[in-house]
Amino acid sequence: MLKNLCKITFLILLVITASGKFLYAQDGIVKGKIIDEAGQPIPGASITVKGSQQGTLSNVDGTYSLAASAQSTLVFSFVGYLKEEIPVNNKTTIDITLKVDQKALDEVVVVGYGTQRKIETTGSIASVKASDLVQTPVVNLAQGLQSRISGVQINQNSGSPGGNISVRIRGTNSINGTSEPLYVIDGIQISNSGNITDVSPLSTINPNDIESIEILKDASSSAIYGSRAANGVVLITTKRGKTGATRVTYDGYYGSQEVRKTLPVLDATQFAQLENEVFKNNYYKDPASLGKGVNWQDIIFRKAPIQNHQLSINGGSEKTQLALSLNYFNQDGIIINSNFKRYSYRLNVDHKVSKRVKIGTSILGSFNVNNGITTGSQTVGDADVVTGSILGSALGAPPTLQPYHADGSVFPFGEQAAGQYREVTNPLNFASMLNRTAINRTLINLYGEVSLYKGLSYRASFNADLQSSLQDRYSPRSIIAKNDLSDNSGSGYKKNANSKSLLHESILTYATQLAPNHTLKATALFATQIELFNQNEISATGFPNDATTNEALQLALTRTVTSTRNSQRLDSYMGRVNYGFKDRLFVDLTARVDGSSKFGANHKYGIFPAVSAAYRLIEEPFIKNISWLSDLKIRGSYGVTGNAGGINPYQSLATVSAPNPGSDYNFNHTYNIGINPSGISNPDLRWEKSKQANIGIDVSLLNNRLSLIADVYKKRTDDLLYVKALPLSSGYANITGNFASLQNKGLELAANARILDGAFTWNVSGNVTFNRNKVLGLDGGLTQERFITAYTVLKVGQPLGLIKTYVFDGINQTGDAILPGYDGRLGGHKVKDVNGDGKISADDQVVSGNPNPKFIYGFSTNASYKHFDLSVFISGSQGNDIYNASRLSFENPGGGRNMLAGLADRWTPTNPNNDYASAYVSGRLPVTNHFVENGSYMRVKNISLGYTLPKIKGIQQIRIYASVNNLLTITKYSGFDPEVNTYAGSNTVIGVDNLVYPQAKSLLGGLQITF
């Protein structure tokens, strides 16, 4: 039998060999040349054998050579040109002329109140595709934009689920007002703002629902939004229904997250030794016997799951198209007891009533629940950092204490070690507190569009942003030491808030061709918007027990109730004219007039004009014949935009308030609430204005294989809101007015390259942004410098957020003369006498750090081969400084709490080092540049590997993928994360780390199925 099997095997091999020789014999070499319609060669064009992975690329002169059988078909393709398929039919030479793909030239971008062909754009507009936006799994759509667009700086201020994000387009444009851009989602205008612990409004929107995003960066493109556009505009278009068979898509992923790094602290033995030195006693008789002790960071950090599931339905007929999606997102935080959940839906419907009339709607609804936990402190000081957040308490908690009772309940520190550590908080206390925010949000757009006459159309839209939220907080009695319980123990809080933003817009558009080579498009707008807000809150202390938490606030001994209501209105008129000549020259003129109820009686209305032009030199005959140049366009613009976001309603009016500390009066042993003046009127209060000039160039090379975009801009913002001090004789401490000014200027560069085509494709893209800002004035010249915090200063002629401190000069050694003027001690930090006057004073403080980066950058690459795809995304910041406020606390030995591990090498008479202070300084360290660190970093933001399964009957596509996020961060920064700012959206206090919730590293797997 073995002999027969060998014969059969030999015959099979013989047949296969013969077949291979036969097939090879049938292959011939096909040669040829590929040119465009102008007769120029096209290098890098793709030539493949249809139905196979066999292929090649054309040479620099457009020629190619490929082995192909007589029965095969060759497919010729190149970006920007129509694909061609030609049968070989025994031909040995096939020359071909590829025609320009007009659809590529006619690619449309959203510009606000309409669309334009991409080649017609005259302003600085950047686009992001939906596929790029969700390449990295994100909670917040702004996260998906990070480092993908030049000129846009996005900081993840907090890594908490649903946490706050700051977006800056071309720098910070305000001091006391907001610098966040305006977001327009299917015509609905929303803003992003909030503190470090707030849930970002953008987290309530599902990123998977987004079709495209356009960033309007310069004044000419954003001036159509007038008084809300000084910080740039982000236009978001959601996915709409498409004509054809109904498509059902499931997109989901599941993964795990973990903390990227932890901070080294003293173990139990080292801590006990330090405590004995600080208190000069022998409380810990045998420190060495304590070992490592409790690692509190291991207790509060965890591996946390993250998951996302979306079901989408898309389809429609010629008359009606529909897109529907349902989404569930659930992210546990890497710190215990933190979580964010989102339930959302989207419904987009478009219906043609007749040839002239079209109606439709966009509805986005979401219900979000955020279980937050306290991190970060905006106060520099030991007590606030240690007791005010879970991270601070985890670093400062003595490793000699225990987290739990035997029954698993939290063990208060006041009940351990004879109450010696009563002032330090058990980190688990924060995990035991209720801190939940539930948000309902619905965005609605209803529109009707009618064609009135050839080229003339009218569109009416009615938009609503409806939002309600409920905040629940409760701090239980159970986490308080028994000896510390009092009638005021246990605290609860509830806040209900409701907001409505109602907007109507009427848009009239006329487009015509004046002559064979001249086009004109005019747009007119009237809009009116009203915003309504109210909230009610109650706080209470002194609960009998924890049974009802904050659901029965009436049980508390002390209760405080407050309520707020306000409204504002904005009326707008806008006109825009777009002129084009031969796809060569384009000119845009825009003007918008806004009137707001918030502003003073003398400045209710403002006008915001802009002009821009673009010249496509590639259409000129003397350039068109340059073979390696595919496109060349220069752009220029100038305009004025406004920022009304920093002014609250009624701020221009004289106001009174109650209750107010000191305004309660005692008449006959009865307290009466007093009402007192709280704000002085300012009839000249108005919006901040930005004047911006922009010059740009768009270049495509080598038949669109390489594209480059460069922009240079200069922006001056005047009438900035600033709080100006008033003389005491006025009866008021200060007044808010338009007193300050600042400037931003910069350079933006972006590049995209299509390196390989065919069976293996490889594309890369990158961008870099240089921005410099400078304070031009604060309050009319009265103030040249002002400290915002103990280490942050506003200074005329300098960038925002500068760090100003004393200069660290080592450790005071035995025999050193300690200069007067600060609390210097032997073994403590030495401060340098900068001016040499023999004492330490404010004159010795210097600018020791700049939190503004020299440049920010992003790089991405995508490759695919057969059914596999791979993408890598890198982001970074270079040249920025961070004030590490937490180090000031945890390298400052004062006793009673743990320290960073470096304190094991602290100064002693026998160890006279120059880095870490002695145990005898008793918590007295000056604010110096010792705590200013280099915040530069490069982060591998995402790596994704996917595989698309071969076709299965009844299923259009199945793709599985794995994705790793925040895999690697290269930085010299010693804190949890270099991408940090405790002060969140502040314009003046930037780059401060006081133990903010760190970002997570995650690994997840996903599945995408389309039926």
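Residues numbered from 1 in each chain as written. Predicted model: local features only at pLDDT ≥ 70, side-chain atom pairs only at ≥ 80, totals over all residues. Heavy atoms only, no water.

1. Things to note about the overall build of the protein
So, point 1. Scanning the protein from terminus to terminus reveals twelve helices and 51 strands.
So, point 2. A compact globule built from 1011 residues should have a C-alpha radius of gyration of about 30 Å, and the protein, at 33 Å, falls within 12% of that.
So, point 3. Viewed in the frame of its principal axes, the protein has a C-alpha envelope of about 100 × 95 × 65 Å.
So, point 4. Across the protein, contacts joining residues at least 24 apart in sequence account for 68% of those joining residues at least 6 apart.
So, point 5. As displayed, the protein offers around 44200 Å² of accessible surface, 57% of which is attributable to carbon and sulfur atoms.
So, point 6. Distance between charge centroids for the protein: 7 Å, based on 94 positive and 78 negative side chains. (Helix = DSSP H or I, 4+ residues; strand = E, 2+ residues; numbered from the N terminus. Rg over C-alpha atoms; globule rule 2.2 N^0.38 Å. Contact = heavy atoms within 4.5 Å. Areas by Shrake-Rupley, 256 points an atom, 1.4 Å probe, with all protein chains shown as cover. Lys, Arg positive; Asp, Glu negative; His and termini not counted. Charge placed at Lys NZ, Arg CZ, Asp CG, Glu CD.)

2. Section: the confidence of the model for the protein
So, point 1. With 93% of its residues at a pLDDT of 70 or more, the protein shows a mean pLDDT of 87.
So, point 2. At the low end of the mean pLDDT range in the protein sits helix H1 (residues 2-26), at 39; at the high end sits helix H7 (residues 296-300), at 97. (pLDDT = per-residue confidence, 0-100.)

3. A word on the pattern of salt bridges
So, point 1. Considering all chains together, one arrives at 38 salt bridges under this definition.
So, point 2. The partner of glutamate 180 in a salt bridge is arginine 168, and the shortest N-O contact between them spans 2.9 Å. Taken together, the positions of glutamate 180 in the loop between strand S12 (165-169) and strand S13 (182-185) and arginine 168 in strand S12 put the pair twelve residues apart, joining distant regions of the chain. For the pair glutamate 180 and arginine 168, a shared accessibility class is recorded, and that class is buried.
So, point 3. Linking aspartate 711 and arginine 635 is a salt bridge whose minimum nitrogen-to-oxygen distance equals 3.0 Å. Here arginine 635 lies in strand S29 (residues 629-643) and aspartate 711 lies in strand S35 (residues 706-725), a separation of 76 residues in the sequence. The exposure classification of aspartate 711 matches that of arginine 635, with both residues buried. (Salt bridge = Lys/Arg side-chain N within 4 Å of Asp/Glu carboxyl O. Buried < 20%, exposed > 50% of the residue type's maximum accessible area, 1.4 Å probe, protein only.)

4. Observations concerning helix H6 (residues 268-279)
So, point 1. The terminal C-alpha atoms of H6, which comprises twelve residues, lie 16 Å apart, in line with the 16 Å expected from a rise of 1.5 Å per residue.
So, point 2. Of all the residues in H6, the buried ones are Ala268, Thr269, Phe271, Ala272, Leu274, Glu275, Asn276 and Val278.
So, point 3. In the segment just after H6, lysine 280 is the residue with positive phi, at about 55°. (Expected span 1.5 Å × (residues − 1).)

5. With respect to the packing of aromatic side chains
So, point 1. One pass over the structure, following the stated rule, counts 19 aromatic pairs.
So, point 2. Look at tyrosine 283 and tyrosine 284: their rings are 4.9 Å apart centre to centre, the planes differ by 85°, and that puts the pair in the edge-to-face class.
So, point 3. The class for tyrosine 283 is partly exposed, based on a relative accessible area of 34%.
So, point 4. Given the relative accessible area of 9%, tyrosine 284 is considered buried.
So, point 5. Taking 6.3 Å as the distance between ring centres and 25° as the angle between the ring planes, the aromatic pair formed by tyrosine 343 and phenylalanine 367 counts as stacked. (Phe/Tyr/Trp six-rings, centres within 6.5 Å; stacked < 30°, edge-to-face > 60°.)

6. Comments concerning the environment of threonine 564
So, point 1. Within the element layout of this structure, threonine 564 appears in strand S26 (residues 558-581).
So, point 2. Between the alpha carbons of threonine 564 and asparagine 536 there is a distance of 6.6 Å; along the sequence they are 28 residues apart.
So, point 3. Setting aside residues no more than four positions away along its own chain, threonine 564 makes contact with Phe533, Asn534 and Gln535.

7. Quick look at the sheet that holds strand S3 (residues 55-57)
So, point 1. Pairing in this open sheet of four strands is antiparallel, and the strands run S3-S2-S5-S6 from one edge to the other. Pairing within the sheet leaves two strands with one partner each, and these edge strands are S3 and strand S6 (84-87). When the angles between neighbouring strand axes are averaged without regard to direction, this sheet yields 20°. (Pairing = 2+ DSSP bridges. Axes fitted to C-alpha atoms, helices over the stretch in contact; angles between N-to-C directions.)

8. Notes on a nonpolar patch on the surface
So, point 1. Taken together, the side chains of Leu466, Leu502, Ile530 and Leu532 present a nonpolar region at the surface, about 270 Å² in accessible area.
So, point 2. Take leucine 466: it is sitting in strand S23 (residues 456-475). (Patch = residues over 30% accessible without salt bridge, like charges linked within 9 Å, V, L, I, M, F, W, Y side chains within 5 Å.)

9. Here's the deal with the nonpolar core
So, point 1. Grouped together as the largest cluster of nonpolar side chains are 38 residues, with contacts concentrated most on Trp296, Phe301, Ile335, Ile373, Ile390 and Leu391.
So, point 2. Breaking this core down by element, the ones donating at least two residues are H6, H7, helix H9 (390-396) and helix H10 (428-431).
So, point 3. If we skip the residues at most four places from it in the chain, leucine 391 touches Ile300, Phe301, Ile335, Thr375, Phe976, Leu995, Val996, Tyr997 and Pro998.
So, point 4. Leu202, Ile205, Ile210 and Val234 belong to the second-largest nonpolar core, a separate cluster that totals 25 residues. (Core = buried A, V, L, I, M, F, W, Y, C linked by side-chain atoms within 4.5 Å.)

10. Structural notes on the sheet that holds strand S14 (residues 188-191)
Neighbouring strands of a sheet are bound in pairs by backbone hydrogen bonds; such pairs are parallel or else antiparallel.
So, point 1. One open sheet accounts for five strands, arranged S10-S15-S16-S13-S14; its pairing is mixed. The open sheet has two free edges, formed respectively by strand S10 (125-129) and S14, since each of these has just one partner strand. On average, each strand axis in the sheet is inclined to that of its neighbour by 20°, with strand direction left out of account.
So, point 2. Both strand S15 (residues 210-216) and strand S16 (residues 233-238) contribute to a ladder of six bridges, which runs antiparallel. In the sheet register, isoleucine 210 faces S16, and the bridge partner there is threonine 238.

11. Focus: the environment of tyrosine 284
So, point 1. The topology assignment puts tyrosine 284 in the loop between H6 and H7.
So, point 2. Residues tyrosine 284 and leucine 434, 150 residues apart in the sequence, show an inter-C-alpha distance of 36 Å.
So, point 3. With near-sequence residues (within four places) excluded, tyrosine 284 lies in contact with Phe271, Ala272, Glu275, Asn276, Leu290, Thr400 and Tyr421.
So, point 4. A polar contact of 3.0 Å, which involves the side chain of tyrosine 284, links it to the side chain of threonine 400. (Polar contact = N/O pair within 3.5 Å; in protein donor to acceptor, adjacent residues only side chain to side chain.)

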